[in-house]
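Structural features, examined
Each chain, letter by letter, is given below.
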Amino acid sequence: MPMNEQKSDTGRHADQSAWVIWAVLVVIAVAILPFVVRNSEIVRQLAAMCGFTLN
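What comes next is a walk through the structure. Given the structure is predicted, the values throughout are model-derived calculations rather than measurements. Just so you know, the residues in each chain are numbered from 1, in the order the chain's sequence is written. Given that this is a predicted model, residues contribute local features only at a pLDDT of at least 70 and side-chain atom pairs are listed and counted only at 80 or more, while totals for whole chains, interfaces and linings are drawn from all residues. In computing side-chain properties, one takes all heavy atoms of the structure into account and sets aside hydrogens as well as water.

With that out of the way, let us pick up the overall build of the chain. Only DSSP runs of H or I reaching four residues or more are called helices, and only runs of E reaching two or more are called strands; each is numbered from the N terminus. On a plain count of helices and strands, the chain comes out with two helices and zero strands. Under the scheme applied here, a residue whose accessible area is under 20% of the maximum for its type counts as buried, over 50% as exposed, and between as partly exposed, the area being computed with a 1.4 Å probe on protein chains only. Expressed as a percentage of its 55 residues, the buried residues of the chain come to 4%. For the chain, the accessible surface area stands at approximately 5,200 Å², while carbon and sulfur atoms represent 68% of it. Where accessible areas are quoted, they stem from the Shrake-Rupley method and a 1.4 Å probe; at the residue level, only the protein chains shown are allowed to cover.

Okay, here's the thing in structure tokens:
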């Protein structure tokens, strides 16, 4: 196998791994969201970290 093809395969595998990791993180964040919204204190703390104040 020439060196060009070997590097391409390795790069593609690394990109695919990065996309899978990000997809898993997004799925976890979306799954947790309903539980976070129910607890208003957590929502207030998240808003405060972003620079917003909620009453």
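A cluster of nonpolar side chains, contributed by Val20, Val24, Ile28 and Ile32, occupies part of the molecular surface with about 330 Å² of accessible area. Note on placement: Val20 falls in helix H1 (residues 3–38). A patch consists of residues exposed above 30% relative accessible area that lack any salt bridge, with like charges linked at up to 9 Å and nonpolar side chains (Val, Leu, Ile, Met, Phe, Trp, Tyr) linked at up to 5 Å. A side-chain nitrogen of Lys or Arg and a carboxyl oxygen of Asp or Glu constitute a salt bridge if their distance falls within 4 Å.

Applying the stated criterion across every chain yields a total of one salt bridge. The residue Glu41 makes a salt bridge to Arg44 at a minimum N-O spacing of 3.8 Å. Taken together, the residues Glu41 and Arg44, both in helix H2 (residues 40–49) and three residues apart, mark about one turn of the helix. Residue Glu41 is classed as partly exposed on the basis of its relative accessible area, which comes to 42%. Classification of Arg44 by relative accessible area gives partly exposed; the value is 34%.

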